Amino acid sequence: MGLVIERASLLSSLSLMQGIVERRTTVPILGHVLIEPDGSSLALSATDLEVGIRTQVTCNGKEKSLTLNARKLFEIVREAAGEEVSLTSLDNDWVEIKCGRAKFKMMGLDPRSFPAMPSQSAKEGAPAGKKALKAELKLPSSVLGEMIDKTIFAVSPDEARYNLNGVYVEAGSGTARMVATDSHRLALIEREVPGFKMDGGAIIPRKGIAELRKILDSGGDGEISLSLEGQLAYLKRGATEVSMRLVEGEFPDYRGVIPKSSKYKVAVDRDALLAAIKRAAIFSSERYHGVKFSLSPGTLTVSSTSPETGEASETLDIDFKGEEFSIGFNAGYVQQALGVLPQGSEVEFGLSDDVSAGVMLSPADSKYTYVVMPMRL
Amino acid sequence: MSVPPSGKASGNARRHSERSVGASDTSRWPRVIAHADMDAFYASVEQLDNPALRGLPVIVGGASARGVVTSASYEARKFGVRSAMPGAQARKLCPDGIFVPGRMSRYVEISRQIRRIFETFSPIVEPLSLDEAFIDLTGTDRLLGPAHQVAIALRGRVREETGLVVSVGVAPTKMAAKILSDMCKPDGLLLLGPEHLTDFLWPLPVERLWGVGRVTLERMHQHDIIAIGDLARRDVGELRGFFGAMGPHLHGLANGHDARTVIGDWQRKSYGEENTFERDHALDSLELRRVLIAHGDAIARRLRTDAVRARTVSLKLKLARPLGGGRYPLLTRSFSLEHPTDDGPEITRVATFLLSRVTAKEKVRLAGVQVHNIERVDANQLGLFEGAPAPDAKNERLNRALDAVMKKFGDEAITRGLARAERVAPSRRIK
């Protein structure tokens with residue numbers, strides 16, 4: 001009896017689970033991985049009931065299904081010396097783990113009490129009345145990865161605003177669109193996906209899309225398929241599947257808040273601006289992170305003052321011919337957006353006045369729009 | 001203990017005492033904490049507003065059956081009248097005393113004015129009640145000069161702008177600053193350097209330490225601990241045996257270790273209002289509901305003034321059945337909301353809900369509402385969707401309008417009908 005698994009592949013599978021298992025859960029089994037041997041492979045599963053991940057690892061030997069604390073098992077396998085790890089079930093859900101000359105005993109839980117993956121439970125509870133969502137987003141994994149990277153940072157962390165706790169996906173004409181906002185700023189990206197159609201949109205939860213993002217980089221840039229069905233988003237790549245419950249709720253009307261035009265357009269070197277903001281932010285207050293953008297003919301000055309600590313300012317040369325004016329922004333909001341734009345590129349700022357939204361566009365990527373509301377300084 | 005005179009006692013000299021004990025260079029102190037305490041605050045406000053009362057023994061509160069004295073002028077104190085004394089006793093001690101009812105809204109108004117003065121000296125002001133506050137003067141010396149001069153200036157500003165007198169203690173710890181302001185009353189200023197801290201504390205009776213209540217004091221006396229110095233010289237392990245975890249804590253305080261910092265308003269942890277009733281009320285009485293409405297509105301308004309919201313609401317009830325020794329059973333119940341609030345009716349709704357869950361059938365003598373889990377509202381960051389009405393936008397507009405009315409016409413200008421129906425006794429701010 002017992003399973004023998006290659007240490008490296010077990011480690012990489014377990015590391016995928018770490019983002020999902022709950023650290024401080026009141027339900028112990030949500031901190032566990034389910035291990036289900038099936039012939040020459042075993043399936044590892046973890047879920048927090050909202051997001052689930054399931055992956056296959058090859059193995060030798062025979063064993064019944066087990067559960068083990070995901071964090072502890074990960075630490076054991078990470079620190080293990082040998083090339084292989086063996087798992088053997090003992091009585092009362094205890095499991096013996098051996099690797100090299102080290103031996104561990106860990107208490108598992110009854111595998112029958114392991115909850116169903118969201119993919120299973122969501123199918124059981126089909127939505128009543130509402131028209132069922134069914135869409136298939138097929139695109140290269142690198143494109144999906146880029147779309148996630150350029151939007152996910154704008155998702156609201158405020159759990160009270162649950163309808164902003166995810167990335168909104170919808171179809172354009174021959175395109176897929178992803179939008180995220182925390183009500184202070186908004187990121188929108190659109191990419192060509194011929195034949196992509198869906199009725200309305202879906203909000204993919206932040207945690208789930210972050211987990212999904214992790215498996216996109218492995219295994220080359222092949223085409224992948226993200227299924228949006230019922231209350232569920234689902235993606236399979238190689239031996240790994242991620243499923244998650246969609247956020248229920250109405251995504252706000254994002255189109256209405258993107259300015260159609262701006263009074264001033266200012267082109268700035270992305271790298272120089274990012275560096276200037278980072279330096280100016282040293283003296284922005286810890287509570288608000290505000291930095292001031294002052295425009296005057298030919299220059300943009302980025303500055304900050306803190307009554308307690310000091311002040312900073314830096315001037316960049318720009319092509320600006322309008323009237324002098326200044327506007328405050330949360331430094332982090334601007335930095336994060338600049339951070340996802342390509343190095344060495346130029347960004348174009350659209351500004352109107354100190355209480356209207358600023359728009360950041362990337363001439364290198366006309367299908368990416370970032371809108372940020374100012375701060376009163 | 002040497003008592004050198006302070007550097008300069010400038011102008012306008014009715015000052016009773018302005019002394020620096022060990023007026024060392026305050027810029028070298030680890031912390032410079034001032035405790036400012038208004039002298040006989042409510043009584044002084046009455047004398048200020050009504051010149052006919054000046055020089056007379058004025059006693060605020062204590063007129064009704066259960067009423068206690070909330071403030072007594074120094075003229076009344078000569079007869080032994082003290083705050084928190086039952087009215088009947090005060091009348092016996094000072095038959096010629098002039099008893100006046102309290103005017104809480106006026107006291108609140110002046111208290112705000114004073115707080116604004118304090119805030120011009122330091123951004124970190126922690127009000128303890130309407131008439132006292134800690135002010136963190138650490139690092140202000142470069143801007144404002146040495147701490148004792150700052151304290152002199154602060155006392156001068158309060159006197160000039162309000163006509164009232166404030167006593168100030170300045171020390172490296174909160175506890176010492178508070179003891180000092182008490183010792184130098186009335187009309188005094190005392191400053192104590194860190195090198196004299198233990199010399200100063202040790203001869204004082206041990207009950208001056210924060211955390212030594214009646215019960216602890218009795219046990220201290222059993223172990224021959226009378227003065228703070230007796231406690232300071234004891235072995236920590238021994239004290240742990242006597243008083244548990246509190247032993248080492250009190251030992252630290254006795255040796256001048258008081259790590260508590262001044263907590264500015266925006267870092268505040270809770271807001272509360274409570275009052276003791278003139279007569280006991282049943283749990284399901286309308287009176288109790290009214291009190292909760294008044295408390296909810298008052299707390300919400302303070303939250304909005306400070307641009308914060310609270311997530312947790314608690315209800316505090318003191319039952320009317322005495323336990324002996326002036327103590328009563330205390331009940332507290334809490335509930336956390338999904339979204340933080342600064343709305344009076346919502347706080348009242350939760351408090352009323354908590355009240356409905358109390359199963360005791362007894363009457364209550366005190367009801368209080370408190371909110372915790374304070375979160376800052378970032379009013380400076382503009383929102384993308386502000387044009388579209390949020391679900392509670394109507395309420396927010398109403399609250400803003402109420403705040404504007406009260407700011408212009410005073411706190412009494414507008415209240416909810418039910419809260420007004422019977423004028424509730426002035427509530428006491430807690431924390």
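Heads up: the structure comes first, above all this text.
Participant: Give a detailed account of the overall build of chain B, specifying residues and quantitative values.
Facilitator: A tally of helices and strands in chain B yields 16 helices and 14 strands. Per-residue burial for chain B yields a buried fraction of 38% across its 431 residues.

Participant: Give a description of the nonpolar core that names residues and reports values.
Facilitator: Ranked by size, the top nonpolar core spans 105 residues in total, and within it M17(A), V33(A), V167(A), I204(A), A233(A), F329(A) and V372(A) carry the most contacts. By size, the runner-up hydrophobic cluster in this structure holds 69 residues, among which are F118(B), A133(B), I179(B) and F243(B).

Participant: Now, about the sheet that holds strand β22 (residues 346–351) of chain A: what can you tell me, with residues and values included?
Facilitator: Residues and elements named next belong to chain A. Judged by pairing direction, the sheet is antiparallel, and its eight strands sit side by side in the order β13-β10-β11-β12-β24-β23-β22-β17 without closing on themselves. The sheet terminates laterally at β13 (201–205) and β17 (264–269), the two strands that pair on one side only. Averaged over all neighbouring strand pairs, the angle between strand axes comes to 20 degrees, with direction disregarded. In this sheet, strand β12 (residues 185–192) lies alongside strand β11 (residues 175–181) in antiparallel orientation, the contact comprising seven bridges. Counted as the bridge partner of A180 is A187 from β12. Where helix α5 (residues 206–214) meets the sheet, its contacts fall on β10 (166–171) and β13, and the angle it forms with β13 comes to roughly 75 degrees.

Participant: Which residues make up the packing of helix α1 (residues 7–17) of chain A against helix α2 (residues 70–79) of chain A, and what are the values?
Facilitator: Residues and elements named next belong to chain A. Interhelical geometry of α1 versus α2 gives an angle of 145 degrees and a closest axis separation of 9 Å. Taken as a pair, α1 and α2 cross one another with a handedness that is left-handed. Between α1, through R7, L10, L11, L14, S15 and M17, and α2, the contact on the second element is made entirely by A70, L73, F74, V77 and R78. Its residues assigned to classes, the contact of α1 with α2 comprises eight nonpolar, one polar and two charged.

Participant: Provide a residue-level description of unusual backbone geometry, including the pertinent values.
Facilitator: Cis geometry is adopted by the peptide bond preceding P186(B), which originates at K185(B) and carries an omega value of -10 degrees. Here P186(B) lies in the loop between α7 (174–183) and β9 (188–192). Positive phi outside glycine occurs at N92(A), with the angle close to 55 degrees. As for its placement among the helices and strands, N92(A) is situated in the loop between β6 (84–89) and β7 (94–99). For D187(B), which is not glycine, the phi dihedral falls at a positive 55 degrees. One can find D187(B) in the loop between α7 and β9.

Participant: If you had to explain the packing of helix α4 (residues 104–119) of chain B against helix α6 (residues 147–162) of chain B to someone new, which residues and values would you point to?
Facilitator: All names here are of chain B. One way to put it is that α4 packs onto α6 with a least axis distance of 10 Å and a crossing angle of 140 degrees. Judged on the interaxial angle alone, α6 and α4 are oblique. In this structure, the crossing between α4 and α6 has a hand that is right-handed. When α4 is examined against α6, the residues I110, Q113, I114 and I117 are found in contact with a partner set consisting of R157, V158, E161 and T162. A per-class count over the contact of α4 with α6 returns four nonpolar, two polar and two charged.

Participant: So what's going on with the sheet that holds strand β3 (residues 58–61) of chain B? Residues and values would help.
Facilitator: Residues and elements named next belong to chain B. Spatially, three strands are ordered β4-β3-β5 in an open sheet, and the strand pairing comes out mixed. This sheet does not close on itself; its edge strands, each paired only once, are β4 (69–72) and β5 (98–100). Averaged over all neighbouring strand pairs, the angle between strand axes comes to 25 degrees, with direction disregarded. Bridging between β3 and β5 involves three bridges; their strand directions are parallel. When the bridges of β5 are listed, I59 appears paired with F99. Across the sheet, helix α1 (residues 41–49) is in contact with β3, β4 and β5; its angle to β3 comes to roughly 115 degrees.

Parameters at a glance
Here the residue numbers are simple positions, counted from 1 along each chain's written sequence. Key to labels: chains lettered from A, ligands numbered from 1, both in the order written. With pLDDT at 70 or above as the cut-off, local features in this predicted model cover only qualifying residues; side-chain atom pairs require 80 or more to be listed or tallied, and sums for whole chains, interfaces and linings still use all residues. A run of H or I in DSSP counts as a helix once it spans at least four residues, and a run of E counts as a strand once it spans at least two, with each numbered from the N terminus. To sort residues by burial, count the other C-beta atoms lying within 10 Å of each one's C-beta; a count of 20 or more means buried, 12 or fewer means exposed, and anything in between means partly exposed. C-beta atoms are built from the backbone. By definition, a nonpolar core groups buried Ala, Val, Leu, Ile, Met, Phe, Trp, Tyr and Cys residues that connect through C-beta atoms lying within 7 Å of each other. For two strands to count as paired, DSSP must find a minimum of two bridges between them. To define axes, lines are fitted to C-alpha atoms, for helices over the stretch in contact only, and angles between the resulting N-to-C directions are given on a 0 to 180 degree scale. Contacts are defined on C-beta atoms placed from the backbone: any two residues whose C-beta positions lie within 7 Å are in contact. Should the near helix be turned anticlockwise from the far one by less than a right angle, the crossing is termed left-handed; should it be turned clockwise, right-handed. Polar here means any residue outside two lists: the nonpolar Ala, Val, Leu, Ile, Met, Phe, Trp, Tyr, Cys and Pro, and the charged Asp, Glu, Lys and Arg; Gly therefore counts as polar. Oblique is the label for any angle not covered by the other classes, which are roughly parallel (under 35 degrees), roughly antiparallel (over 145) and roughly perpendicular (65 to 115).

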